[in-house]
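Remarks on the overall topology
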Amino acid sequence: MSNVVIYHNPDCGTSRNTLAMIRNAGIEPSIVEYLKLPPSREKLVELIEQSGLAVRDVMRQKGTPYAELNLDNPALTDEHLLDAMMAHPILINRPIVVTSLGVRLCRPSEVVLEILPNPQLAAFSKEDGEAVVDGEGKRVRSDD
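Presented here is an overview of the structure given in this document. Owing to the predicted nature of the structure, the values given are computational and were not obtained by experimental measurement.

1. Focus: unusual backbone geometry
The omega torsion of the bond from R94 to P95 falls at -5 degrees, within 30 degrees of zero and hence cis. Structurally, the position occupied by P95 is in the loop between α3 (78-87) and β3 (96-99). The peptide bond linking R107 to P108 adopts the cis configuration, its omega dihedral lying at 5 degrees. Summarising the element assignment, P108 is placed in the loop between β4 (102-105) and β5 (124-125). Of note in this structure, N70 is not a glycine but carries a positive phi near 55 degrees. The topology assignment puts N70 in the loop between α2 (41-51) and α3.

Set out below in structure tokens:
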């Protein structure tokens, strides 16, 4: 069985859709509800580095104290941004998924398909009804 980890917020539709796609591949991941059990600073840095994103790219703005903390200030260092994410885990964007094929911030949720070690087993549609995978387990692209 594959070792897949999702840093998950069950209140987030994107996170729920991502989890459902992981399960649609026949994988039961380790679920880390990061608001209840935030990653350590070292783990967060590792996840960001492995994702290939900048620290600022992993910060969530909507529904967080981002604006109140003036985190949009371009003079702030990565260390300052990490300090803010450690103090306010809601600033960590989600979901972050870790598999043997890589680490991704899965926004949109179908980004997870890039790193799942197993194919989709059945058709899948997001909570809003948008088709993502057809009955043959192939990706449906809205831009086709």
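2. Some words on the environment of P119
Mapped onto the elements of the fold, P119 is located in the loop between β4 and β5. Sequence-distant contacts of P119, that is, excluding residues within four places in its chain, are made with N24 and A25.

3. Let's talk about the environment of E68
Here E68 is to be found in the loop between α2 and α3. Take E68: its relative accessible area is 60%, and that puts it in the exposed class. Note: C-alpha distance between E68 and V4 (64 residues apart in sequence) is 35 Å.

4. Concerning empty space enclosed by the protein
Counted under the stated rule, the structure contains one cavity of 30 Å³ or more. The computed volume of the largest cavity comes to approximately 40 Å³. Classifying every residue of the lining of the largest cavity by side-chain character gives seven nonpolar, one polar and one charged.

5. Some thoughts on the side chain of T99
Structurally, the position occupied by T99 is in strand β3. Assessed through its relative accessible area of 8%, T99 is described here as buried. Engagement of the side chain of T99 in a polar contact is seen with the backbone nitrogen of L101, the distance being 2.9 Å. With residues near it in sequence (within four places) discarded, T99 still touches N3, V4, I115 and P117.

Definitions and cut-offs
Residues numbered from 1 in each chain as written. Predicted model: local features only at pLDDT ≥ 70, side-chain atom pairs only at ≥ 80, totals over all residues. Heavy atoms only, no water. Helix = DSSP H or I, 4+ residues; strand = E, 2+ residues; numbered from the N terminus. Contact = heavy atoms within 4.5 Å. Buried < 20%, exposed > 50% of the residue type's maximum accessible area, 1.4 Å probe, protein only. 1 Å grid on protein atoms, 1.4 Å probe; cavity = no way out; pocket = protein on both sides within 12 Å on 5 of 7 lines; lining within 4 Å. Points joined across faces, edges and corners; volume = space filled by probe spheres on them. Nonpolar A, V, L, I, M, F, W, Y, C, P; charged D, E, K, R; others polar. Polar contact = N/O pair within 3.5 Å; in protein donor to acceptor, adjacent residues only side chain to side chain.

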